[in-house]
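So the chains spell out like this:
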Amino acid sequence: MSLPRGCKALNKAKLMAEKQFSRCAAKLRALRADSGQLREELNLLFDQLLSENYNKTVDPSINIQPEDVCSLLRHVSSLVPLTQEHLVIKLCQLVHRLLNQLKVIMDQQTLDVLVTYTASALKVCSTWTHSDVLLALSTAVYGNGAQCHRHLGDLLGEDGVLLQYSSLSQPNMELRRVALTCMTNICLRIPGQPPLDDQYRSLCFRVFLKTLHSPKPPNTDELFYCLVVQAALKGLQCCLSGGKWKFGGGEELGSVLAVLKRLMFQGAPGLSVDWPAVLYPAPLPQYEGLSAAKPAEPPKSSEPPKDTANKKKKSKGKGKKTKTEESRGDDGEEEDRETVPALQRGGVREGETSTKISASFLYPSWKRNSSDSEFSDPEGNAQSKLRLNHARVRQGALHCLLAVVKAVERRTLYGYWSSFIPDSPVGGPPPLTLLTIVLKDPSPKVRLCALQVLCAMLDGSRQFLAMAEDTASPRTSYTPFSFTLATAVRELHRSLSLALLAETSPQTLTQVIKCLAYLVANAPYHRLRPGLLTQLWKHIRPYVRHRDVNVRVSVMTFYGALVTTQAPLPEVQLLLRQPDDSGSSSTPQDSGLSWRQRDGMSSPSRTPSQRSSCTQSPRVPRTPQEGDGGQMWLLQLCVSLVTQPREDQSDSEGAGGGTALEPSPVRLEALQVLSHLVRGYFSLTKVYLCEIGQVSARCLGESDPSLQLHGAKLLEEFGTGIIQQYRAENNVVQFWSEVLSGPLNGALQNEQHPTLQASACDTLSSILPQAFAQLPDKTQMMCITVLLGLTYIENYLVKTAAVRALGIYVLFPCLREDVMFVADTANTVLAALDDRSTNVRAKAAWSLGNLTDTLIVNMENIGVDFQEEFSDMLLLKMLQAATRAAADKDRVKSNAVRALGNLLHFLRESQMTRSAFQRPLEDAVRALVKTVQSEATMKVRWNACYALGNAFRNPALPLGKYSAPWSHDAFAALCHVVTSCKNFKVRIKSAAALAVPAHRGCYGDTKRFSCVWQSLATALENSEDTNDFLEYRYSASLRHTLSHALLHLLSVSQLQDMTALRESLDGEEGSSIREHLIKCLRAEEGKDAGGDSCHSQLQEEPYEDEPVHLMVASRCGSKPTPTTWTSTGPHGGLQTGPTSSATPRLVGLRTLPSLGSAGLLSVGV
């Protein structure tokens, strides 16, 4: 088969270039400095090498080795003396051409040779050669700034050549531009390369910033000045990229933001503003006033080219450039054919000193007919180039601003929001902000950059925007910050909605929708007046069937953000239940959008759905209508996007008739929206059980692993929603029967895609326990067998998910009393505890904690029969494994100590007396004691305190007078923590643990009893002493627990303990303790009279997946055992768990007969 003519020509040119390089390189290597006719030979060979095109971008198959290029350049640089300036220029051109087009990565020796040679040439050769020399130097140092440390003193030192040529006093603008480009390439950091030293980076930063702040020198061409500004902006961006802000405080940051804001509007016609030199964070005011009135004539830069329509037709021929320098730097082809709008109409920002605005400003000159132009063809071409470079300046300024947003700490940047995002209500003069560019800049690339900056500012701003609120009527005396912030959110909505309706570029339209998604994901709509989301819902709908796939993907991303923000949100619930039946977006009325009417391409007076069929292709038969009898339009849309073929396709998507489905990215986003809907609005989606099951089954049957994965995730979300709703209806059982008998089995056995296997395991773990119990026995056995088998897979993702699923299954009522299943799960978990992956060990420890919870539940419900049936040897292995895990990382340790507490509670007296258990028993208790006293995280120490209290519930545990030494250590550790720990929640749990022993004998002798009493009393006296305000809110709960613990000690105390108790309660020192105890007793009596329980049992949220465990246990009639760190309130933390078993109920003082009269008097009764 013969190659096309174009391929033959490329192959021929490639072979010629390689052959020419090899021939010339061989001749050059043969030359010596003392060779005759050296100058003529070098001149000829340089011309021949420069005549070839080595561009790898055009032909990546060019086979010229980098080491050959480096050796050649090193050799010829030794042949060309600096006195032969014509040869020096040709050598520099050759250096630039070979390194740039062949993408050569130089070795250190070649870099040193070339930098030394070019730096010397700048000092010796004439000025007319310096432009080419600087260009060769900038190519050599590209991304090699850190490797040039030997030469940086000569280049960037006090009298460095680059500083001289880049200074403001340099009259030659071309030399100044190339010097700035050279400094930019020094600051540029290639991934994997070390960064430039901060000293030189800061020096370059100051040079770039000073250049940007400097005005255009007199008698300087505007085009050349734009090129210098572009070079300085690129350098500033390189300094800011890839790290945190390191260039000074607020003054420097304000200076950068001020100059970038000015350059964002470079070349705007009719705009004359006195820009501030520094922007200050709010609330310091900034004023941007118009300067003196300009003449009425429109500025030349605003004149259109002679024939705009013809230019648009000719623009299709772009891409004919062959020079790499032009192709790499020319990123504004579209701007070349765009017209320039007025960026501001009729006024400026409030507080700005405005003057009368010319008529040409109100009626932009680009509206004129081409025949009215006063420019000739050469002049029009010059104006076109100037507009193109102005657009590149604006684009470069926005790139720099994006780098600033990423480098500066968010909290610092929030103070400057008002300078870039309007916060004044609609109706006043429009300010100059990013939204001005989004709405009115003629270049789609500039608008795209402005939207990228907006996205970066909005991303992660939820905490800042959470202060916005406008539900209450605003005050007349002053405007609160919350209302100002809410106004900014509304302005963002208004402006982005206008941009959505007016945008014609698919790439920029995609970014508009992404920006709306970021806004929706971070704005606090529950604190704003409703209606904002309703308008967006109407405006976004026509773009669901846009011909550009990226637009369709961004639309689904927007819908995903809409149904996840503060879900369930009442306004979104209303939209999902009763969506609009308008079917199209509203008609924009802003006449300022009229500049988008280019050659009849689009009109703001027409909605997107009314535009040409090449832009919108509504599919009425396939798209569910918003008026369809109460169905959820969004859910039906997602289902149709995933399952139904796309009838209208663009040329890029191929012609497949009605058989081709949506592209994979659209289907994946639709599946994610379905998952978000199920998670946030399950009450609305539960009626679509069959549809969602069919979608998931279809996705699991696809060949694309990504679709299979998202189908499994959707099943998992739906299963979790069913558990939260707790509905064991027949259709739920049928749903899981169909799922488990369908393609989910294939996903579980797909070893080529471990992530899919792990997600399938998570799906199995989300089955409602009551529904699992009603499944056929063979289906139950299949689930258990598959999970047990997957724990032996080497991939840690699969093993982690399988171990977690078993940890949930062991809590199921229909499985937990099956001794064989519990034993199999225990053996599997013990094997996973020795895995090398921390993730596997952490999840295995969590599952072990759940398994030991099951042992406690079975012990309480079944009794000794289950304890005797459970293997002693397996119990011993679990005790030893949990003890070892208690010395692991905190992620493992937190659940390991939970398991230890349950195991110590579960042990029988006959087991404790056996020699095989005595040493592991002591090691287990000492592991808990060590954890309580350690510097581990508070979550771990809290669990350890609870575990000790859990162990104390075992009446067979030897805690009394003749107990083992570890008994004393356990009480001592708890006493120390209850008085000294900074975290009040750990103190609460240690106090509850000290109140667990039910008999006086468990506290040991009088000395230990008095020590426990004194520790609790001291903790009660100091319950309000804390330096952390966040802990102070738990002080009331701490006093309540401490009081109960002291009353419990009073209830079990004996006569020999009276001396220590009387000393603590007598006198003024004991008055506060007596008050707290009497208050607690009266509160208990009040609760008894009201028929309430004497202790409020606060529900705790266990760590990670334990909400499932608590739900299962509580709904099956057993007591859940909360044992881990909880998240309560906006700052997280711990709550006190159930204390009824830790502190026996007290009914007045009649329960204290052993106190005698002295005891009654000592408590003040």
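No experiment lies behind these values; they were computed from the predicted model shown. Per chain, residues are indexed from 1 in the order of the written sequence. Given that the model is predicted, a residue must reach a pLDDT of at least 70 before its local features are reported, and side-chain atom pairs must reach 80 or more before they are shown or counted; all residues, however, enter totals for whole chains, interfaces and linings. Side-chain measures here rest on the full set of heavy atoms in the structure, leaving out hydrogens and waters.

**Some words on the overall build of the protein**
Scanning the protein from terminus to terminus reveals 56 helices and two strands. Burial here depends on accessible area, computed with a 1.4 Å probe over protein chains only, as a share of the maximum for the residue type. Under 20% is buried, over 50% is exposed, and the range in between is partly exposed. Taken over 1165 residues, the protein has a buried fraction of 55%. Contact definition: two residues touch when any of their heavy atoms are within 4.5 Å. The long-range share in the protein, meaning contacts at least 24 apart out of those at least 6 apart in sequence, stands at 74%. Throughout, the Shrake-Rupley method with a 1.4 Å probe supplies accessible areas, and for residues the shown protein chains are the sole cover considered. A total accessible area of about 50000 Å² is found for the protein, and carbon and sulfur atoms account for 52% of it. Each helix is a run of DSSP H or I of at least 4 residues and each strand a run of E of at least 2, with the numbering of both proceeding from the N terminus.

**Some words on the side chain of Glu669**
For Glu669, the position within the fold is in helix 29 (residues 664-680). As used throughout, the charge tally considers Lys and Arg to be positive and Asp and Glu to be negative, leaving His and the chain termini uncounted. Put simply, a salt bridge is a Lys or Arg side-chain nitrogen that is within 4 Å of an Asp or Glu carboxyl oxygen. For the buried Glu669, no salt bridge exists, and the shortest N-O distance to an oppositely charged side chain is 8.9 Å, to Lys514. For Glu669, the residues in contact, after removing those within four places along its chain, are Val553, Met556 and Thr557.

**Description of the pattern of salt bridges**
One pass over the structure, following the stated rule, counts 26 salt bridges. Residues Arg447 and Glu503 are paired through a salt bridge, measuring 2.7 Å at the closest nitrogen-oxygen approach. Pair noted here: Arg447 is in helix 21 (residues 444-458) and Glu503 is in the loop between helix 23 (481-502) and helix 24 (506-522), with a separation of 56 residues, a long-range link. Summarising the burial analysis for this pair, Arg447 and Glu503 share the class buried. Across the pair Glu702 and Arg667 runs a salt bridge, and its minimum N-O distance is 2.7 Å. Residue Glu702 is located in the loop between helix 31 (689-700) and helix 32 (705-725), and its partner Arg667 is located in helix 29; the two are separated by 35 residues in the primary sequence. On the basis of relative accessibility, which here comes to 5%, the residue Arg667 falls in the buried class.

**Some remarks on the nonpolar core**
Taken as a class, soluble globular proteins show a tendency for nonpolar side chains to be buried jointly. The nonpolar core is taken to be a set of buried Ala, Val, Leu, Ile, Met, Phe, Trp, Tyr and Cys residues, with the residues joined through side-chain atoms within 4.5 Å. Counting residues in hydrophobic clusters, the biggest one holds 347 residues, and the most contacted among them are Tyr559, Leu634 and Tyr809. Contacts of Tyr559, omitting those with residues within four sequence positions, involve Trp537, Ile540, Arg541, Val544, Trp633, Leu634, Leu637 and Val673.

**Structural notes on the packing of aromatic side chains**
Between rings of Phe, Tyr and Trp, where Trp is taken as its six-membered ring, a pair exists when centres lie within 6.5 Å; planes separated by under 30 degrees are stacked, by over 60 edge-to-face, and by other angles tilted. For the coordinates displayed, the defined rule picks out 25 aromatic pairs. Judged by centre distance (5.6 Å) and plane angle (85°), the rings of Trp245 and Phe247 are edge-to-face. An identical accessibility class is assigned to Trp245 and Phe247; each is buried. Taken together, a centroid distance of 5.8 Å and an interplanar angle of 90° make the contact between Tyr1003 and Phe1009 edge-to-face. For the residue pair Tyr1003 and Phe1009, the accessibility class agrees, reading buried in each case. Only when the NZ atom of a Lys or the CZ atom of an Arg is both within 6 Å of the ring centre and within 35 degrees of the ring normal do we say a charge sits over the ring. Sitting over the ring of Phe420, Lys261 keeps its end group 6.0 Å from the ring centre.

**Overview of unusual backbone geometry**
Excluding glycine, residues mostly have negative phi values, and the peptide bonds linking residues are mostly trans. Pro568 follows Ala567 through a cis peptide bond whose omega is -5°. Of note in the backbone geometry, Asn219 takes a positive phi value of approximately 60° without being a glycine. Structurally, Asn219 can be placed in the loop between helix 10 (198-213) and helix 11 (222-240).

**Some words on helix 43 (residues 872-885)**
What a helix is expected to span follows from its residue count: subtract one and scale by 1.5 Å. With 14 residues, helix 43 should cover 20 Å at 1.5 Å per step; its first-to-last C-alpha distance of 20 Å lies within 8% of that length. Turning to helix 43, its buried residues number three or more, namely Leu874, Leu875, Leu876, Met878, Leu879, Ala881, Ala882, Thr883 and Ala885. The secondary structure elements touched by the buried residues of helix 43 are helix 40 (819-832), helix 41 (838-861), helix 44 (890-906), helix 45 (909-912) and helix 46 (915-933). By the criterion applied in these results, polar contacts are pairs of N or O atoms within 3.5 Å in which, for protein atoms, one can donate a hydrogen and the other can accept it, and in which residues neighboring in sequence qualify only through two side-chain atoms. One side-chain oxygen of the residue at the start of helix 43 lies 3.3 Å from the amide nitrogen of Met873, identifying that residue as Ser871.

**Observations regarding the packing of helix 11 against helix 12 (residues 250-263)**
For the pair helix 11 and helix 12, the least separation of the axes is 13 Å and the interaxial angle reads 135°. Relative to helix 12, the element helix 11 is oriented oblique. Crossing of helix 11 against helix 12: the hand is left-handed. Residue-level contacts link Val229, Leu233 and Leu236 of helix 11 to Val256, Leu260 and Leu263 of helix 12. Fitting a line to C-alpha atoms yields each axis, with helices limited to the stretch in contact; the angle taken between N-to-C directions then spans 0 to 180 degrees. Our angle categories are set so that under 35 degrees counts as roughly parallel, over 145 as roughly antiparallel, 65 to 115 as roughly perpendicular, and the remainder as oblique. By convention, the crossing between two helices is left-handed when the near helix turns anticlockwise from the far helix through less than a right angle, and right-handed when the turn is clockwise.

**Regarding the confidence of the model for the protein**
pLDDT expresses, on a scale from 0 to 100, how confident the predictor is about each individual residue. For the protein, per-residue confidence averages 78 on the pLDDT scale, and 75% of positions sit at 70 or higher. Of the regions scoring below 50 in pLDDT, residues 284-375 engages in 168 contacts with residues more than four places distant in sequence or in other chains. Taken as a whole, residues 1091-1165 scores under 50 in pLDDT and shows 172 contacts with residues more than four places along the chain or in a different chain.

**Section: the environment of Ala995**
Looking at where Ala995 falls in the secondary structure, it is placed in the loop between helix 49 (984-994) and helix 50 (1006-1021). Ala995 gets classed as buried once you look at its relative accessible area, which sits at 0%. Sequence separation between Ala995 and Phe952 is 43 residues, and the spatial gap between their C-alpha atoms is 9.3 Å.

**Quick word on the state of the cysteines**
The definition used for a disulfide is geometric: two cysteine sulfur atoms within 2.5 Å. One pass over the full model with this rule turns up zero disulfides. Among the cysteines around Cys455, which has no disulfide bond, Cys515 carries the closest sulfur, lying 4.0 Å off.

**Brief notes about helix 24**
When the terminal C-alpha atoms of helix 24 are compared, their 25 Å separation across 17 residues agrees well with the 24 Å that a helix rising 1.5 Å per residue should span. Of all 17 residues that make up helix 24, twelve are buried, and the element is covered over most of its length. Along helix 24, the residues classified as buried are Thr508, Leu509, Thr510, Gln511, Val512, Ile513, Cys515, Leu516, Ala517, Leu519, Val520 and Asn522. The inward-facing, buried residues of helix 24 abut helix 21, helix 22 (462-465), helix 23, helix 25 (532-540) and helix 26 (549-562).

**Digging into the environment of Glu18**
Inspection of the secondary structure assignment puts Glu18 in helix 1 (residues 5-30). Taking the C-alpha atoms as reference points, Glu18 and Asn53, 35 residues apart in sequence, are found 9.8 Å from one another. When sequence neighbours within four positions are dropped, the list of residues in contact with Glu18 reads Ser61, Ile62, Asn63 and Ile64.

**Things to note about the environment of Asn522**
For Asn522, the location among the structural elements is in helix 24. Spatially, the C-alpha atoms of Asn522 and Ala561 are 9.1 Å apart, while their sequence positions differ by 39 residues. Beyond its immediate sequence surroundings of up to four residues, Asn522 is in contact with Leu458, Asp459, Gly460, Ser461, Arg462 and Leu465. Within the local environment of Asn522, its side chain forms a polar contact with the backbone oxygen of Leu458, the two atoms lying 3.1 Å apart.

**Re the packing of helix 31 against helix 32**
The angle between the axes and the distance between the axes are what describe a pair of packed helices. The N-to-C vectors of helix 31 and helix 32 enclose an angle of 150°; their axes lie 7 Å apart at closest approach. Taken together, the axis directions place helix 31 and helix 32 in an arrangement best described as roughly antiparallel. The way helix 31 lies across helix 32 gives a crossing that is left-handed. Between helix 31 and helix 32, the residues in contact are Leu689, Ile692, Val695, Ser696, Cys699 and Leu700 and Leu707, Gln708, Gly711, Ala712, Leu714, Leu715, Phe718 and Ile722, respectively. Under the convention adopted here, Pro, Cys and the residues Ala, Val, Leu, Ile, Met, Phe, Trp and Tyr are nonpolar, Asp, Glu, Lys and Arg are charged, and Gly plus all remaining residues are polar. Broken down by class, the residue content of the contact of helix 31 with helix 32 amounts to eleven nonpolar, three polar and no charged.

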